[in-house]
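Listed below are the residues making up each chain.
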Amino acid sequence: MRIIQISDTHLSPGKVHFADNWPPLAGWIAEQRPDLVIHTGDVTVDGADVEEDLRHTGKLMRGLGVRFRAVPGNHDVGDAGDRRQPVNDERLRRWRTHFGPDRWVEDVEDFRVIGFDALLLGSGEPEEAAQDDWLDAVMDGAADRRIAWFLHRPLFLDSPDEGDTGYWSVKPRPRSRLIELVRRFSVALVASGHLHKAHDFLHDGTHYIWAPASAFLVGPGMMAPPLPGENRLGAVLYEIHGRTLEAEIVAVPGLSPHRIDDVVEEVYPPPQQVIDPSAA
Ligand SMILES: [Fe+2]
Ligand SMILES: [Fe+2]
């Protein structure tokens, strides 16, 4: 069983800055003949506010001709506690319309592969509690299968005990609950995206993979403090046979190494200041 993980494609019909990386990625996926593609989010430039971005990229994903699953990124459904784009039922409904559920299970060989929505974590939305209950149930239901998780945001950067890393990893409170599950069920793999960096390491017997983006790199000026991992684009190839899982972060020929730093004012402009003329 071959699975390909892709991440952070940041596609939009209106903002085509990274669109030239889709054809080489799609062509490479077809050559690899995977059984399943998993997209770990930031599928769109701004699906959180622009439904057309979700519609467009949903069509591109279905055009791969390979079965796929996806978990949303912050640019697809907003974020927990975000002032401008909070994750909420309306944004989740739009995601589900174009990409299906934001949490799912795939039983593959002797593995249970679980995808879930990292943007709900710490949101206090009713869907967060529903997802917590669902995760407990599907973990219990794994029986003697090994377990692999896919989510957008990494659980931590350097250590499960670290404090709040802000934008970059899961907040300490929801993280501690998840780490407890990782330990109790000896989770084999935790795979994520979001950081636009490639990283592959073991921690307490769990294999952590940060999938590289296929859209763009983030320059050091926009990533402070510097994060672990390698600044490269690509994808991840998984081979699952029985109870063994092999993972390899790979380059994808033909991807242009765009840098968000060069176009951020156009792609993610800062919110306009609203000036109230009646204010003194
Ligand atoms: Fe991203
Ligand atoms: Fe992200």
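Please refer to the structure higher up on the page.
The following paragraphs examine the structure supplied in this document. (Residues numbered from 1 in each chain as written. Chains lettered and ligands numbered in written order. Predicted model: local features only at pLDDT ≥ 70, side-chain atom pairs only at ≥ 80, totals over all residues. Heavy atoms only, no water.)

**So, the coordination of the iron ion (ligand 1)**
(1) Moving on: Note on the iron ion (ligand 1): its protein donors are Asp8 (OD), His10 (NE2), Asp42 (OD) and His196 (NE2). The metal-donor distances range over 2.1 to 2.3 Å.
(2) Moving on: Metal-centred angles of 88 to 173° between the 4 donor atoms at the iron ion (ligand 1) mark the site as irregular.
(3) Moving on: Mapped onto the polypeptide sequence, the residues donating to the iron ion (ligand 1) form the spacing pattern D-x1-H-x31-D-x153-H. (Donors = N, O, S within 2.8 Å, 3.2 Å for Na, K, Ca; no water. Tetrahedral: all angles 85-135°; square planar, octahedral: opposite > 155°, others 65-115°.)

**A closer look at the coordination of the iron ion (ligand 2)**
(1) Moving on: At 2.2 Å from the iron ion (ligand 2) lie its protein donor atoms, namely Asp42 (OD), Asn74 (OD1), His152 (NE2) and His194 (ND1).
(2) Moving on: Here the iron ion (ligand 2) is ringed by 4 donor atoms whose angles at the metal span 85 to 156°, and the overall shape comes out irregular.
(3) Moving on: Binding-site remark: the iron ion (ligand 2) is held by donors from one chain whose sequence spacing is D-x31-N-x77-H-x41-H.
(4) Moving on: The two metals, the iron ion (ligand 2) and the iron ion (ligand 1), are separated by 3.6 Å and share Asp42 as a common coordinating residue. In this pair, Asp42 is assigned in the loop between strand S2 (36-39) and helix H2 (51-62) and His152 in the loop between strand S6 (146-150) and helix H6 (172-184), connecting sequence segments 110 residues apart. For the pair shown, Asp42 and His152 are each scored as buried. (Helix = DSSP H or I, 4+ residues; strand = E, 2+ residues; numbered from the N terminus. Buried < 20%, exposed > 50% of the residue type's maximum accessible area, 1.4 Å probe, protein only.)

**Details of the sheet that holds strand S8 (residues 199-203)**
(1) Moving on: The sheet built from 6 strands is open, its strands ordered S4-S5-S6-S7-S9-S8 with mixed pairing. Edge positions in the sheet fall to strand S4 (104-108) and S8, since each of these pairs with one other strand and no more. With direction set aside, neighbouring strand axes in the sheet form an average angle of 15°.
(2) Moving on: Bridge count for strand S5 (residues 111-115) against S6 is 5 bridges, and the pairing is parallel. When the bridges of S6 are listed, Arg112 appears paired with Ile147.
(3) Moving on: Here helix H5 (residues 126-140) sits on the sheet and contacts S4, S5 and S6; the angle it forms with S5, its principal contact strand, is near 170°. (Pairing = 2+ DSSP bridges. Axes fitted to C-alpha atoms, helices over the stretch in contact; angles between N-to-C directions. Contact = heavy atoms within 4.5 Å.)

**So, a negative patch on the surface**
(1) Moving on: Negative charge collects at one region of the surface, where Asp35, Glu109, Asp110 and Asp144 lie side by side.
(2) Moving on: Topologically, Glu109 is positioned in the loop between S4 and S5. (Patch = residues over 30% accessible without salt bridge, like charges linked within 9 Å, V, L, I, M, F, W, Y side chains within 5 Å. Areas by Shrake-Rupley, 256 points an atom, 1.4 Å probe, with all protein chains shown as cover. Salt bridge = Lys/Arg side-chain N within 4 Å of Asp/Glu carboxyl O. Lys, Arg positive; Asp, Glu negative; His and termini not counted. Charge placed at Lys NZ, Arg CZ, Asp CG, Glu CD.)

**Some words on the sheet that holds strand S1 (residues 2-6)**
(1) Moving on: Taken in spatial order, the 5 strands of this open sheet run S3-S2-S1-S11-S12, and their pairing is mixed. In the strand order of this sheet, the two ends are held by strand S3 (68-70) and strand S12 (244-250), each with one partner. Between one strand axis and the next, the sheet turns by 20° as a mean value, whatever way the strands run.
(2) Moving on: Relative to S12, strand S11 (residues 235-241) runs antiparallel, the two being bridged by 7 bridges. Note that in S12 the partner of His241 across the bridge is Thr244.
(3) Moving on: Of the strands in this sheet, S1, S2, S11 and S12 are in contact with helix H1 (residues 22-32), which crosses S1 at around 170°.

**Re the pairing of S6**
(1) Moving on: In terms of burial, S6 is largely enclosed, as 4 of its 5 residues are buried.
(2) Moving on: Between S5 and its parallel partner S6, the chain crosses via H5, and the hand of that crossover is right-handed. (Right-handed = clockwise from strand over helix to strand, strands pointing away.)

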